[in-house]
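Fold and contact review
If you want the building blocks of each chain, they are given just below.
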Amino acid sequence: MDARQRYDELRRIIEYHMNRYYNEDAPEISDYEYDQLMLELKALEQEHPDWVTPDSPTQKIGGSAKREAGVEVTHHVPMLSIQDVFEKGEIVDWVEKVQRMHPDARFSVEEKIDGLSMSLRYQDGQLTLAETRGDGLVGEDVTQNALVIPDIRKKLDVPGYVELRGEVYMSLEDFERFNEEQENAGKKPAANPRNLAAGTLRQLESSVVKKRGLKMFVFNVQDAYDNGMDLMQSHADGLEQLEKKGVAVVPHTLCSDAEEVLAAIDAIGENRGSFGYDIDGAVVKIDQTAYRADFPAGSKYSAGHIAYKYPPEEKEVVIDQIEVNVGRTGKMTFRAVFAEPVRLCGTNVQKATLHNADFIRNMGISEGCRAICRKQGEIIPAIVRVTQRTERPYEVPDRCPVCQAALIREEDTCDIYCENPSCPAQLKRTLAYFAGKDAMDIKNFGSRYIESLVEEGYLHDASDIYRLREHREELIEKGILGREKNTDRILSAIEASRTNDADSLLTGFAIRNVGKISARSIMKHYRDLWELAEASVEELVQLPDVGEITARSIHSFFAEEDNRNLLRRLEELGVNITSSKYAEDENTAKPLDGLTIVVTGTLEHFGRKEITAFIEENGGKCTGSVSKKTSFLVAGENAGSKLDKARSLGVPVISEKELMNRCKNGI
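Everything in this summary refers to the structure shown in the same document. (Residues numbered from 1 in each chain as written. Predicted model: local features only at pLDDT ≥ 70, side-chain atom pairs only at ≥ 80, totals over all residues. Heavy atoms only, no water.)

**A few points about the overall build of the chain**
Under the convention used in this document: Each helix corresponds to a stretch of at least 4 residues labelled H or I by DSSP, and each strand to a stretch of at least 2 residues labelled E; elements are numbered beginning at the N terminus. Radius of gyration here is computed from C-alpha atoms only, and the compact-globule reference equals 2.2 Å multiplied by the residue count raised to the power 0.38. Accessibility here uses a 1.4 Å probe with only protein chains present; expressed as a share of the type maximum, an area under 20% marks a residue as buried, one over 50% as exposed, and anything in between as partly exposed. Throughout, a contact is declared for two residues whenever any of their heavy atoms are within 4.5 Å. All accessible-area figures derive from a Shrake-Rupley calculation using a 1.4 Å probe, and residue coverage is judged against the displayed protein chains alone. A residue counts as positive if it is Lys or Arg and as negative if it is Asp or Glu; His and the chain ends are not included. Note that the charge is assigned to NZ on lysines, CZ on arginines, CG on aspartates and CD on glutamates.
When its secondary structure is counted, the chain shows 24 helices and 22 strands. Over its C-alpha atoms the chain spans a radius of gyration of 29 Å, differing by no more than 12% from the 26 Å that the globule rule assigns to 667 residues. Across its three principal directions, the C-alpha atoms of the chain cover 85 × 80 × 55 Å. Looking at the chain residue by residue over its 667 residues, the buried ones come to 47%. Intrachain contacts of the chain at a sequence separation of at least 6 include 67% that bridge at least 24 residues. Within the structure as shown, the chain displays about 32800 Å² of accessible surface, and the carbon and sulfur contribution to it stands at 47%. Counting 86 positive and 114 negative side-chain charges, the chain places the averaged centre of each group 1 Å from the other.

Have a look at this one:
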């Protein structure tokens, strides 16, 4: 097949998968596989630019052009931060200071939306550029993504030049919908709406942005001229004029003195639990924009603005029940269930984490007690103190609430475990982990399918996964894995996983303290898993990075006859148990030996897990924060604060390509 034939074939393949993903919500390949196809297409177009047409997959996404990553934009007006204060007295002092100089000063009090800042430039009514904040002076062009956000006017009935700044955010409803879809697909949910909004706005595919439903409030007129309108004399008046033109502007209250300002701040604080989006404070702005320059707050902050940060929202609850659950590893987890739900930071909350048995005892928590609940970091509900105790303290169970097996407490820890490998509560989580990306990596075989298969009686342990093909007709008839095509796709992925290296299978066994990296290291010393199964604790502790607790966990796992039988069944079913990494020389010098590396930003060839594995395979150590001990920082697109810190500490900064060359050339 020549280059032109491959190019035409790639276009057909990619367009098919685009339709499956964007229009039918039924993708047949992973994001990684799709990206590899797209990279190959881009490479051919780079070699043959005359082949590129407007309808190429690289030029359109569901009718919208694809934005180019990493295009930097120098802001016409710097996008600075707002100085935060935490005491209302500081607000009063600031307002009175302003009015001493300008007695007629008014103030706009606004919700401080918890999202990410973006500026919009309009010329003669047409949106010409949308830019992220970046470092305040230089941002990124995200115009193609802005065009699919419904709140953003593509055309504005205002002549001349207008530049607006606002906050892009995700509603709580859309956030919960996204997380529900992620969980149903067996994927990791997003941590909070702000992070999800930020990640969404920087997507290369504008159709993804459209699907996720971002929103935007405009909160400032950055600049305006040649339009015959006075949008910048009064801040509040400018927002009201824009609102009449169909612009979504931030809710705001115009105040004349400190008393009214505090009342407006209190009103926002009292109602923040009913908003359909997260806020992280209230902003106070001098309404007369000409006065703002008289009150600078340093080069980092916008003049004439101040922000009040509310204390963490707390509610008193009655703990009706202490719920005990069994995690994937058999560890007991504890949650408080409230008699009545409470509203915290915009969501209804009826449960809170209780960490462990020692936490419960030390806090004096028991069923029937009254306590204060707070969202830690405004995300995770937690009990912070007990306000009214009960006479009877909580008794930690001594048997598993699901299988009734005896519980054990791990030595020198506060963790309590059920060590029954057949415990039904562990089975679904264990099998989902076994099939997951870090272990056997069975594509598209998410936890939703696994739960259904367990409930229908098809899965009792990991070996049953490799017998599912025997039940193909039943599975299709019942629709457990979807229709015929999806069922066959999953069954094919299961078949493909039989040839994985032994370290993947070892990871999939979910032995305590044995993860993906340690499994890879361990299997360098054993021909197969049977040889590992015969290893003593004394032998295992001699391995690099294997301590006594890990050694005992491995030895105990293979000492169980049920686990040995599981390994035997997997081997009989054709699952590979031999190690291709056996006898790799640990003493052979590797390009990154002894180096501590931090990665920041978006990389072209690696996801975060893949770059970590790449660094470790080449002898390096990948950490999450920059320090004086960092050997160098690998910086991709949209590198943030880690890049600034590396420069301030004098840590060398290299590109992804330089890292790959270093490893390729052994330097």
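**Thoughts on a negative patch on the surface**
The test is simple: For patches, a residue must show more than 30% relative accessible area and have no salt bridge; joins then use 9 Å for like charges and 5 Å for nonpolar side chains, namely Val, Leu, Ile, Met, Phe, Trp and Tyr. Salt bridges, as used here, are contacts in which a Lys or Arg side-chain nitrogen is within 4 Å of a carboxyl oxygen on Asp or Glu.
A cluster of acidic residues, Glu-87, Glu-90, Asp-93 and Glu-96, forms a negative patch at the surface. Residue position: Glu-87 is located in the loop between β2 (84–85) and α3 (88–101).

**A short note on the sheet that holds strand β19 (residues 596–600)**
Sheets are built from strands paired through backbone hydrogen bonds, the pairs being either parallel or antiparallel. Cut-off, in case you're wondering: Strand pairing is assigned whenever DSSP identifies at least 2 bridges connecting the two strands. Angles run from 0 to 180 degrees between N-to-C directions of axes, and those axes are lines fitted to C-alpha atoms, restricted for helices to the stretch in contact.
Here 4 strands make up an open sheet; going across it, the order is β20-β19-β21-β22 and the pairing parallel. Lying at the two open borders of the sheet, with one neighbouring strand each, are β20 (621–623) and β22 (653–654). In this sheet, β20 lies alongside β19 in parallel orientation, the contact comprising 3 bridges. Its bridge partner being in β20, Val-598 is matched across the sheet by Thr-623. Each of β19 and β20 is contacted by helix α22 (residues 608–617), which is oriented at about 160° to β19, the strand it contacts most. With respect to the sheet, helix α23 (residues 641–649) is in contact with β19, β21 (632–635) and β22, its orientation differing from that of β21 by roughly 145°.

**Observations concerning the packing of aromatic side chains**
Here is the rule we go by: The pairing test for Phe, Tyr and Trp rings, Trp by its six-membered ring, is centres within 6.5 Å, and the orientation test on the planes gives stacked under 30 degrees, edge-to-face over 60, and tilted for anything in between.
Counting across every chain of the model gives 11 aromatic pairs. Judged by centre distance (5.6 Å) and plane angle (75°), the ring pair of Phe-217 and Tyr-277 falls under edge-to-face. In this pair, Phe-217 sits in strand β8 (residues 214–225) while Tyr-277 sits in the loop between α9 (258–271) and β10 (279–286), placing the two residues 60 residues apart along the sequence. Each member of the pair, Phe-217 as well as Tyr-277, is classed as buried.

**A few points about the sheet that holds β10**
Across the sheet, which stays open at both edges, the 5 strands sit in the order β2-β11-β10-β3-β9 with mixed pairing between neighbours. Edge positions in the open sheet fall to β2 and β9 (252–255), since each of these has one partner strand only. In the sheet, strand β3 (residues 107–113) pairs with β9 via 4 bridges, with the strands oriented antiparallel. From the neighbouring strand, Phe-107 faces β9, where its bridge partner is Cys-255. Against the sheet, α3 makes contact with β2, β3, β10 and β11 (305–308), and its axis sits at roughly 160° relative to β11, the strand it touches most. Along the sheet, helix α8 (residues 235–244) contacts β3, β9 and β10; its crossing angle with β9, the most-contacted strand, is approximately 145°.

**Notes on α3**
We apply this condition: Helix span is expected to be 1.5 Å times the residue number reduced by one. Here the arc refers to the set of directions running from the helix axis out to each C-beta atom.
Here α3 spans 21 Å end to end across 14 residues, near enough to the 20 Å set by a 1.5 Å rise per residue. Buried within α3 are the following residues: Ile-91, Val-92, Trp-94, Val-95, Val-98 and Gln-99. Buried residues along α3 cover an arc of 165° about the axis, so they all sit on one side. Those residues of α3 that are buried are in contact with β2, β3, α9, β10 and β11.

**Observations regarding the side chain of Glu-163**
What counts is decided by this rule: Polar contact is defined as a pair of N or O atoms within 3.5 Å, subject to the rule that within protein one atom must be able to donate a hydrogen and the other to accept it, and that residues adjacent in sequence are counted only when both atoms are side-chain atoms.
By secondary structure assignment, the location of Glu-163 is in strand β7 (residues 161–170). Looking at Glu-163, its side chain comes within polar contact range of the side chain of Tyr-161, at 2.6 Å. Those residues within four positions of Glu-163 in sequence are excluded, and the remaining contacts are His-76, Val-77, Ser-119, Leu-120, Arg-121, Glu-131, Asn-220, Val-221, Gln-222 and Asp-223.

**Topic: the pairing of strand β4 (residues 116–123)**
Each regular strand shows side chains that alternate between the opposite faces of the sheet. Most of β4 sits out of view: 7 of its 8 residues are buried. Sheet analysis places β4 next to β7, joined by 8 bridges and oriented antiparallel. Bridge pairing links Arg-121 to Glu-163 in β7. Taking the residues that link successive antiparallel strands as the turn, the β4-strand β5 (residues 126–132) hairpin has 2 residues, and the phi of Asp-124 there is positive, at about 55°.

**Describing the packing of helix α12 (residues 424–435) against helix α13 (residues 447–455)**
Applicable threshold: An angle below 35 degrees is read as roughly parallel, one above 145 as roughly antiparallel, one from 65 to 115 as roughly perpendicular, and any other as oblique. Working rule for handedness: look at the near helix, and if it is turned counterclockwise from the far one by less than a right angle, call the crossing left-handed; if clockwise, right-handed. Gly is put with the polar residues, along with every residue not named as nonpolar or charged; the nonpolar set is Ala, Val, Leu, Ile, Met, Phe, Trp, Tyr, Cys and Pro, and the charged set is Asp, Glu, Lys and Arg.
Taken N-terminus to C-terminus, the directions of α12 and α13 make an angle of 135°; their axes are 9 Å apart at the nearest point. Taken as axis vectors, α12 and α13 run oblique relative to one another. Considering the relative orientation of α12 and α13, their crossing is right-handed. Across the interface between the two elements, Leu-427, Lys-428, Leu-431, Ala-432 and Ala-435 of α12 pack against Ser-447, Ile-450, Glu-451, Val-454 and Glu-455 of α13. Classifying every residue of the contact of α12 with α13 gives 6 nonpolar, 1 polar and 3 charged.

Function cannot be read off these values alone, since they describe shape.
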